[in-house]
Amino acid sequence: MRAVKRMMLIALGALSTTAALAADEQDGWRWYYNAGIPVTFLETSNLVATAAAKNLVVADEASDTVIGGQASLGAMFTRNFGLEVRYSASGTSRDELTITNLINPKVEGNAKTSIDGITVYGVASWPLNDSIELQGRLGYSFQDLELEAGLPCLTPELEAAVPCQSFNLRTLDLGDDDDGIAAAAGVRMGMSESWAILAEIEYLAIDFSGALDEPYRGSLSIEYVF
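Residues numbered from 1 in each chain as written. Predicted model: local features only at pLDDT ≥ 70, side-chain atom pairs only at ≥ 80, totals over all residues. Heavy atoms only, no water.

Visitor: Please explain the packing of aromatic side chains as it appears in this structure.
Guide: Within the structure shown, the criterion is met by five aromatic pairs. Ring plane angle 35° and centroid distance 5.6 Å describe the contact between Phe 41 and Tyr 216, whose orientation is recorded as tilted. Within this pair, whereas Phe 41 is found in strand β1 (residues 30-43), its partner Tyr 216 is found in strand β12 (residues 216-225), the two being separated by 175 residues in sequence. Within the aromatic cluster, the residues linked to one another by ring pairs are Trp 195, Tyr 224 and Phe 226. (Phe/Tyr/Trp six-rings, centres within 6.5 Å; stacked < 30°, edge-to-face > 60°. Helix = DSSP H or I, 4+ residues; strand = E, 2+ residues; numbered from the N terminus.)

See the structure below:
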């Protein structure tokens, strides 16, 4: 996360400098802040293989669609181009898993998955009229993955006789940090001079060393123009 924080500070500095320079040369530039609700699809890609290495048999990969939150600060330094820094958090998925192992023939476990991080976007806008714009974003993202799969012991007697922890069966931890290209496309609708609504789809080309399928999401945000 230290690298993410450094990149955020660098990006904010670049954003401020670029917008200030553009303001001297262009009319119509704007600072904006938006906050919204992303709906993210998360699916593991090597949970089955990792579990197998620990003598566990997981029937399928964990997957879920979760609701989170995001916020962005940006500047359109011309009517068509700008720069944005975005923080997003997916929310935590909770998927029930059927797990078998050498001790318990069949138990119900669970997996918890979430991602969050910073993305620096270049923004392109194509106005259709005075209130509606098509927008595209291309940038680079730094994300953290939290991924744990838990195997509960069935009874206190079993825990006392064969401690789960002694067999490394209590938790599989596949958390990781990763970075990669991000892209988004959406429609912005101006409601007034200061307020707008943005509907968007976003894709992150980040797989956390194969632990997660590259995530994608849809979001709805409210934007305030300074």
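Visitor: Teacher, can you tell me more about a negative patch on the surface here?
Guide: A cluster of acidic residues, Glu 146, Glu 148, Asp 173 and Asp 177, forms a negative patch at the surface. For Glu 146, the location among the structural elements is in strand β8 (residues 132-150). Residue Glu 146 is classed as partly exposed on the basis of its relative accessible area of 47%. (Patch = residues over 30% accessible without salt bridge, like charges linked within 9 Å, V, L, I, M, F, W, Y side chains within 5 Å. Areas by Shrake-Rupley, 256 points an atom, 1.4 Å probe, with all protein chains shown as cover. Salt bridge = Lys/Arg side-chain N within 4 Å of Asp/Glu carboxyl O. Lys, Arg positive; Asp, Glu negative; His and termini not counted. Charge placed at Lys NZ, Arg CZ, Asp CG, Glu CD. Buried < 20%, exposed > 50% of the residue type's maximum accessible area, 1.4 Å probe, protein only.)

Visitor: Got a minute to help me understand the environment of Tyr 140 in this structure?
Guide: Its place among the elements puts Tyr 140 in strand β8. When its relative accessible area of 36% is taken as the criterion, Tyr 140 is described as partly exposed. The contact partners of Tyr 140, leaving out residues within four places of it in the chain, are Ile 118, Thr 119, Val 120, Asp 179, Gly 180 and Ile 181. At a separation of 2.5 Å, a polar atom in the side chain of Tyr 140 contacts the side chain of Asp 179. (Contact = heavy atoms within 4.5 Å. Polar contact = N/O pair within 3.5 Å; in protein donor to acceptor, adjacent residues only side chain to side chain.)

Visitor: What should I look at first to understand unusual backbone geometry in this one?
Guide: Backbone phi values are negative for most residues with the exception of glycine, while trans is the configuration of most peptide bonds. For Phe 208, which is not a glycine, the phi torsion comes out positive at approximately 50°. With respect to the secondary-structure elements, Phe 208 resides in the loop between β11 (195-204) and β12. Its identity as a non-glycine residue notwithstanding, Ser 209 has a phi of 55°, on the positive side. Within the secondary structure, Ser 209 sits in the loop between β11 and β12. When its relative accessible area of 63% is taken as the criterion, Ser 209 is described as exposed.

Visitor: Which parts of the structure should I look at to understand a nonpolar patch on the surface?
Guide: There is a patch of nonpolar side chains on the surface, built from Tyr 33, Met 189, Met 191, Trp 195, Ile 197, Leu 220, Ile 222, Tyr 224 and Phe 226 and spanning about 930 Å² of accessible area. Taken together, the elements giving at least two residues each to the nonpolar patch come down to β11 and β12. Of all the elements, β12 adds the most residues to the nonpolar patch, at three residues. Among the structural elements, Ile 197 can be located in strand β11.

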